[in-house]
Amino acid sequence: MSNVNQISAPTLLKMLGGLCLGVLATPAFTQQSAPNDLSAGPKAIQPGSWVKAGDYPKEAWNKDQSGTVKFALTIDVQGAVSRCDILVSSGAPSLDQQACALMHRNGRFKPALDAAGLPIPSEITRLIAWNTNRKADIKYDAVVSVKSLPSDRKSADLAVRQIVTAGNRVESCALEKPSKEPSLDLQACKIASQVLAPRSLRAADGSPIRGLRISDLVLIVGGTGEGES
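Here the structure is a predicted model, which means the values were calculated and not measured.

1. A few points about the pattern of salt bridges
At step 1: The final tally for this structure, using the stated rule, is 10 salt bridges.
At step 2: In this structure, Arg105 and Asp55 form a salt bridge, with 3.9 Å as the shortest nitrogen-oxygen distance. Placement of Arg105 in helix α2 (residues 93-106) and of Asp55 in the loop between β1 (43-44) and α1 (58-62) is noted, with a sequence separation of 50 residues between them.
At step 3: In this structure, the salt-bridge partner of Arg83 is Asp85, at a minimum N-O distance of 3.1 Å.
At step 4: One network of salt bridges, with partners in common, ties together Lys43, Arg161 and Glu176.

2. Topic: the packing of aromatic side chains
At step 1: Inspection of the entire model under this criterion finds three aromatic pairs.
At step 2: The interplanar angle of 75° and the centroid separation of 5.4 Å between the aromatic rings of Tyr56 and Trp61 together place this pair among those described as edge-to-face.
At step 3: The class for Tyr56 is buried, based on a relative accessible area of 1%.
At step 4: For Trp61, a relative accessible area of 30% puts it in the partly exposed group.
At step 5: A network of ring pairs unites the aromatic residues Tyr56, Trp61 and Trp130 as a single cluster.

3. Examining the pairing of strand β10 (residues 170-175)
At step 1: Across the six residues that make up β10, a large majority, five, are buried.
At step 2: Across five bridges, strand β9 (residues 155-164) lies against β10 in antiparallel orientation. Within the sheet, the bridge partner assigned to Val164 lies in β10 and is Val170.
At step 3: Connecting β9 to the antiparallel partner β10 that follows it, the hairpin turn spans five residues, and Asn168 within it adopts a positive phi of roughly 70°.

4. Some remarks on the state of the cysteines
At step 1: Counting across every chain of the model gives two disulfides.
At step 2: In this model, Cys84 is linked to Cys100 through a disulfide, with the two sulfur atoms separated by 2.0 Å. Residues Cys84 and Cys100 are joined through a disulfide that is left-handed, its torsion about the S-S bond being -70°. One end of the pair, Cys84, is in strand β3 (residues 81-88); the other, Cys100, is in helix α2, with 16 residues separating them in the sequence. In this structure, Cys84 and Cys100 share a single accessibility class: buried.
At step 3: At a sulfur-sulfur separation of 2.1 Å, the disulfide partner of Cys173 is Cys189. Residues Cys173 and Cys189 share a disulfide whose torsion about the S-S bond is about -90°; that sign makes it left-handed. With Cys173 in strand β10 and Cys189 in helix α3 (residues 182-195), the pair connects residues that are 16 residues apart, well separated along the chain. Accessibility assignment for this pair places Cys173 and Cys189 in one class, buried.
At step 4: When the bonded cysteines of the chain are counted from the start of the sequence, the pairing works out to 1-2, 3-4.

5. Digging into the confidence of the model for the chain
At step 1: Residue-level pLDDT values for the chain average 81, and 78% of them are 70 or greater.
At step 2: pLDDT under 50 marks residues 1-30. Its contacts with residues more than four places away, or in other chains, come to 94 contacts.

6. Thoughts on the nonpolar core
At step 1: Residues Val51, Phe71, Leu73, Met103, Phe109, Ile128 and Trp130 are the most contacted members of the largest nonpolar core, which totals 25 residues.
At step 2: Among the elements of the structure, β2 (67-75), β3, α2, β7 (122-130) and β13 (211-221) are those that each provide at least two residues to this core.
At step 3: Of all the elements, α2 adds the most residues to this core, at five residues.
At step 4: One finds Cys173, Leu175, Ala192 and Leu217 within the second-largest nonpolar core, a separate group that totals 18 residues.

What counts as what
Residues numbered from 1 in each chain as written. Predicted model: local features only at pLDDT ≥ 70, side-chain atom pairs only at ≥ 80, totals over all residues. Heavy atoms only, no water. Salt bridge = Lys/Arg side-chain N within 4 Å of Asp/Glu carboxyl O. Helix = DSSP H or I, 4+ residues; strand = E, 2+ residues; numbered from the N terminus. Phe/Tyr/Trp six-rings, centres within 6.5 Å; stacked < 30°, edge-to-face > 60°. Buried < 20%, exposed > 50% of the residue type's maximum accessible area, 1.4 Å probe, protein only. Pairing = 2+ DSSP bridges. Disulfide = S-S within 2.5 Å. pLDDT = per-residue confidence, 0-100. Contact = heavy atoms within 4.5 Å. Core = buried A, V, L, I, M, F, W, Y, C linked by side-chain atoms within 4.5 Å.

Shown next, in the form of C-alpha cells:
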C-alpha cells in the first residue's frame, strides 16, 4: 500500500487500550489472583513510532475518508504481533487494512507474563483514529452500572487482566494497575466475570491457545450500562 508523503495537516492518532466486549452469558466463577501472582500485561515498545502521518492510505486520502478503527492484537511469547482482528471498522476498508498492516510490521512488545512470571501469549485492543476525534464510544469493552463503589466513588475506570485457558476458562483475575482499595479490585474482577464472556485467544493459524487478556471497564454508580448482578 502506497504511503502519502504530502499530508500537511497532522493526522490524529490515538491509541487506547481495551478488549472486545462479548456479553453472552455469565461465565464460571473467576478466581482472583494470589498475592504472589507475577502476571503482567504486554508492554508496547516505542508505540509512538508505529504509525506516522505518511502512513495514511492514498485511496482513503483521495476519497477524503476518515474514521476510527478498533482492533484486537494477539501478541506471541516473543512480543511480536501474530494476529490482528478488526473489531469495529472505520467504515473505510483501506484504513482498516492499513491499521493491521502497520501493527504487523511495526508493533513490538515486551511479552505478557503468567502467574509464574513466564512469557505467555496475550491479547489487547487498540484504536487508531484516522483524522477524527471519534473514540469515546468505542474505547471501553463494558460500561457497567453499579449500586455503589468503595469510598463513595461515582465512577471507576479500570483495566482488568484475566488469564484464559484454551478451553475458555478464566484461571485468574487481577487489575493491570491495582487500586489502593482491595474491595474495588475484587468488585472489578467479579463484574468482569459477569459481563465479559471468556473466549480463548487464537494463534496465527486460528487454533485456541491459553493466554492473557486485558479488558477496559468503566463502572458508574447509577449509570445506564450493563447492570451489576
